[in-house]
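# Structure assessment
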Amino acid sequence: MRAAIYFAIAETLEKFRKKEISPVELVRAHLNRIRELQPKLNAFVHLDGESALARAQQAEAKLLRGEPLGTLGGIPLSIKSNIDVAGWPCPAGSLLRKDYVPATDAVVVSRLEAAGAILLGNSNVPEYLMAYETDNCLSGKTSNPWNLNYSAGGSSGGEAAAIASGCSMGGVGSDGGGSIRTPAHFSGICGLKPTPGRIAAGGHFPPGAGAFGWIGVVGPMARTVADLRAMFHAMAGGPDAGDALSSPVPVREILPDVLQDLRIGVLENAELGRATPETISAARGGVQTLAGLGYRVEPITLKGLDRALELWWFFFGPVIAGLIQESAQGQETLLSPMLREYLQITLSEPAVTLKSFMEACAARDHVRADILRQMRDVPILISPVSTAPAFRHGEGTYRTGDPHNYRDTMKYCQWLNLAGFPGLSIPFGRSPEGLPINLQLIGRPHEEELLLAVGESLERARGPWQAPPI
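Model, not experiment: these values are computed from the prediction. (Residues numbered from 1 in each chain as written. Predicted model: local features only at pLDDT ≥ 70, side-chain atom pairs only at ≥ 80, totals over all residues. Heavy atoms only, no water.)

Leu72, Val108, Leu112, Leu441 and Val454 are the most contacted members of the largest nonpolar core, which has 62 residues in total. Contact partners of leucine 112, with chain neighbours within four places excluded, come to Leu72, Leu77, Ile79, Ala117, Val172, Ala234 and Met235. With 56 residues, the next largest nonpolar core counts Ile320, Met338, Ala390 and Leu435 among its residues. (Core = buried A, V, L, I, M, F, W, Y, C linked by side-chain atoms within 4.5 Å. Buried < 20%, exposed > 50% of the residue type's maximum accessible area, 1.4 Å probe, protein only. Contact = heavy atoms within 4.5 Å.)

Structure (C-alpha cells):
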C-alpha cells in the first residue's frame, strides 16, 4: 500500500474500476501515513479518520453495485484549517479562534464531496494566514518533507507538506499573496491560484468580502497539474451567493490546436527581485523546454508592476492589519510572534483614510486594465515563484533588509493577487541543498484551463513527479 499514497487521481480511479485497490484500502493507507509522519511534519490540525473510512466504505459499496463514484470518487483530500467543514475545528492558527467549530460546510467543501472526494482532516496554517511560514501558538510549526529543518511555506504550508509526503492526494488552499504557490514551491508540488470568483470562497476565513475579494482566493493543490485540473473541474461549480465575485464561467476544454504557436512571455521585470542562481537556472530550463515544445517564447517587461506591488501591500499590509488589530483588541498577548511582527511593522506606516482607500481601489482597476492590455497577444507568462527556495525555520520575516523578507522574496507572486490574475506553481528544479524549485505560469483572468493545459505540457516534458526523501 505504500505506493498507493503516491498514485495520481486518474490512475487511482482506474485502479478502483479494475478492483486493483479499494477506496477503503486507499484511505487506510493515507491514515497510516499521517500517523507515521504527523510527529515529524505536524501538517494536520484535525483528523477525522472515522468519517473518512465511513465514506470510503460507502464508495466501495457503490463500486460493488456498479454505480458511478463521481469525478473524485474515493479520492482522499485535505482542507486548509481556515475553511469551514461542518463539525471540524477551524481555528485559522489562532488562539482567538480555538473554540470555533462551523455548523455548515464551505461551498468548495460541498462541491468536492458532491464529486465523491473523501476528506481526511484539515491542515496547519500561520495565524490568520499572515505569514509565509506555517507556525503558530496553537498548533506549532509545520516542517518541509524535503528537509525537516526548513519551512513548508505559508500560509497553505500544512497542505503542501501533507500532499508532498503522501498524507493526502490533494487539497484546498487559499492565496492572498502567494499562499498556495509559495508552499507548493517550497514543498515541490503544484498549486493553482485561480481568478477571483472562479472558485467560490464563501466559508473562508478571513472573509473576502468587498475590496478583499480580489486579494484572497481559494484553489486546489496537488502533486501534478493533471490532478489540479481534476480538482479544479469539481471546485469551479458556478456562482455562490456568499461570494460576490463568483461568476458562472463554464469550465472549457482546451483543444490541441489552441496551443499551437501560442505566445508565452518570459517576465523580465527587475522590480520583482534578484533570484538565486539555481532559481534562474530552473527558470531558464523551463523556458527552453517550452520553446522545444513549439511555443513562441519571447521576453516581456510589463509596465505597472511596481505600482501593483505598492497597491498589493496597501491592502495586504496597513488595511488588513487595521482590521486584525481591531478584532484582537485586549487579547494581543495571545497572538503569535509572527503576527505581532506583522502588526508592528504595518501599523507604523501612515494611517489608512477613506480617501487613501478609495484612491487605492480605483488605482487597482487602472493597473489591472493596463496589464491586461499588455497581455492581449501574450496570454501566458513564465517567471519564478520566489527569488529563492525554502528558508530554514524562523528565517522568514517582515523586516526590511532581512534576506528572507517576505515583501522582497515573494514579489513574483504578490502582484497577481492585486491584479486578480491566475497563477500556476509547478516543480521544475532543485537547489544545491536538494530543495524544490518551482516555476510560475501566469494567465489572463478566467483562462485557468489554458494555464493548466500549458502546465501539463511542461510537466510531461519535465518527466515524472519526484517524491521527497521523507
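What follows concerns the environment of isoleucine 264. One can find isoleucine 264 in strand 9 (residues 263-267). In sequence terms isoleucine 264 and glutamine 414 are 150 residues apart; their C-alpha atoms lie 20 Å from each other. Discounting residues that sit within four places of it in the chain, isoleucine 264 has contacts with Leu290, Tyr295, Arg296, Val297, Glu298, Val378, Ile380, Leu381, Ile382 and Val454. (Helix = DSSP H or I, 4+ residues; strand = E, 2+ residues; numbered from the N terminus.)

All right, on to the packing of aromatic side chains then. Under the counting rule described, the total for this entry stands at 14 aromatic pairs. On the numbers, 5.9 Å between centres and 65° between planes, the contact of tryptophan 415 with phenylalanine 421 is edge-to-face. Comparing tryptophan 415 with phenylalanine 421 shows no difference in burial state: the two are buried. One aromatic cluster is present, formed by Tyr132, Phe186, Trp312, Trp313, Phe316, Tyr342, Phe391, Tyr398 and Tyr406 through successive ring pairs. The ring of tryptophan 465 has arginine 223 lying over it, and the distance from NZ or CZ to the ring centre is 5.7 Å. (Phe/Tyr/Trp six-rings, centres within 6.5 Å; stacked < 30°, edge-to-face > 60°. Lys NZ or Arg CZ within 6 Å of the ring centre and 35° of its normal.)

Below, the discussion takes up the pairing of strand 3 (residues 118-123). Taking burial as the measure, the six residues of strand 3 include six buried ones, the bulk of the element. Pairing between strand 1 (residues 44-47) and strand 3: three bridges, direction antiparallel. Within strand 3, the residue paired with histidine 46 across the bridge is asparagine 122. Two elements, strand 2 (residues 76-80) and strand 3, share four bridges in a ladder whose sense is parallel. Bridging from a neighbouring strand, proline 76 pairs with isoleucine 118 of strand 3. Since strand 2 and strand 3 lie parallel, the crossover through helix 4 (residues 107-114) that links them has a hand, and here it is right-handed. (Pairing = 2+ DSSP bridges. Right-handed = clockwise from strand over helix to strand, strands pointing away.)

By the element assignment, asparagine 144 lies in strand 4 (residues 143-144). Overall, the relative accessible area of 0% leaves asparagine 144 in the buried class. Only 3.0 Å separates the side chain of asparagine 144 from the backbone oxygen of serine 151, close enough to count as a polar contact. Discounting chain neighbours no more than four positions away, the residues touching asparagine 144 are Leu41, Tyr150, Ser151, Ala152, Phe186, Ser187 and Ala390. (Polar contact = N/O pair within 3.5 Å; in protein donor to acceptor, adjacent residues only side chain to side chain.)

As a further point, take the layout of surface pockets. One number sums up the size of the largest pocket: a volume of about 470 Å³. For the largest pocket, the lining is made up of 25 residues, of which His204, Phe205, Pro206, Pro207 and Ile320 are closest to its centre. Looking at the lining of the largest pocket, the elements that each hand over two or more residues are strand 6 (170-175), strand 8 (217-222) and helix 10 (305-327). Tallying contributions element by element places helix 10 first for the lining of the largest pocket, with five residues. Residue composition of the lining of the largest pocket, grouped by class: 15 nonpolar, eight polar and two charged. The calculated volume of the second largest pocket comes to roughly 360 Å³. Taken together, 15 residues line the second largest pocket, and the ones lying closest to its centre are Leu267, Glu268, Ile280, Pro384 and Tyr412. If you list the elements that add at least two residues to the lining of the second largest pocket, you get strand 9, helix 9 (277-292) and strand 11 (380-384). Looking at the lining of the second largest pocket, the element that brings in the most residues is helix 9, giving four residues. When grouped by side-chain class, the residues that make up the lining of the second largest pocket number 10 nonpolar, three polar and two charged. (1 Å grid on protein atoms, 1.4 Å probe; cavity = no way out; pocket = protein on both sides within 12 Å on 5 of 7 lines; lining within 4 Å. Points joined across faces, edges and corners; volume = space filled by probe spheres on them. Nonpolar A, V, L, I, M, F, W, Y, C, P; charged D, E, K, R; others polar.)

A word on the pattern of salt bridges. Scanning all chains against the criterion turns up 19 salt bridges. For the salt bridge of aspartate 408 with lysine 411, the shortest nitrogen-to-oxygen distance reads 3.9 Å. For lysine 411, a relative accessible area of 22% gives the class partly exposed. One salt-bridge network, in which partners are shared between bridges, spans Glu14, Arg17 and Lys18. (Salt bridge = Lys/Arg side-chain N within 4 Å of Asp/Glu carboxyl O.)

Of all six residues in strand 8, six are buried; the element is thus mostly enclosed. Here strand 6 pairs with strand 8 via six bridges, running antiparallel. Across the sheet, residue glycine 170 finds its bridge partner in strand 8, namely alanine 222. Strand direction decides the pairing type here: strand 7 (residues 190-193) and strand 8, joined by two bridges, are antiparallel. In the sheet register, glycine 191 faces strand 8, and the bridge partner there is methionine 221.

Moving on, we come to helix 9. For helix 9, with 16 residues, the first-to-last C-alpha span of 22 Å sits near the 22 Å given by 1.5 Å per residue. Of all the residues in helix 9, the buried ones are Glu278, Thr279, Ala282, Ala283, Gly285, Gly286, Val287, Thr289 and Leu290. Tucked into the core, helix 9 has its buried residues touching strand 9, strand 10 (296-300), strand 11, strand 12 (423-430), strand 13 (436-443) and helix 15 (448-462). Immediately beyond the C-terminal end of helix 9, within one or two residues, lies glycine 294, with a positive phi of roughly 100°. (Expected span 1.5 Å × (residues − 1).)

This brings us to the sheet that holds strand 1. Read from one edge to the other, the open sheet built from 11 strands follows the order 1-3-2-6-8-7-12-13-11-9-10, with strand pairing classed as mixed. Either end of the sheet is taken by a strand with one partner, and the two such strands are strand 1 and strand 10. Each neighbouring strand pair of the sheet contributes to a mean axis angle of 30°, computed without reference to strand direction. (Axes fitted to C-alpha atoms, helices over the stretch in contact; angles between N-to-C directions.)

On to the environment of leucine 47, then. With respect to the element layout, leucine 47 can be found in strand 1. When the C-alpha atoms of leucine 47 and alanine 321 are compared, they prove to be 31 Å apart, with 274 residues separating the residues in sequence.

A word on helix 3 (residues 49-65). Because an α-helix completes one turn every 3.6 residues, residues spaced three or four positions apart along the sequence face the same direction. Under the 1.5 Å per step criterion, the end-to-end length of helix 3 is 24 Å for 17 residues, consistent within 8% with the ideal 24 Å. Within helix 3, burial applies to Gly49, Ala52, Ala56, Ala59 and Leu63. Summarising the axial view, the buried residues of helix 3 lie within an arc of 85°, below the 170-degree limit, and thus occupy one face. Facing away from the buried side of helix 3 by more than 90 degrees, the exposed set consists of Glu50, Gln58, Leu64 and Arg65. Of the surrounding elements, those touching the buried residues of helix 3 are helix 1 (9-17), helix 2 (23-41), strand 1 and strand 3. Where helix 3 terminates, the next one or two residues include glycine 66, which has phi positive at roughly 80°. (Arc of directions from axis to C-beta.)

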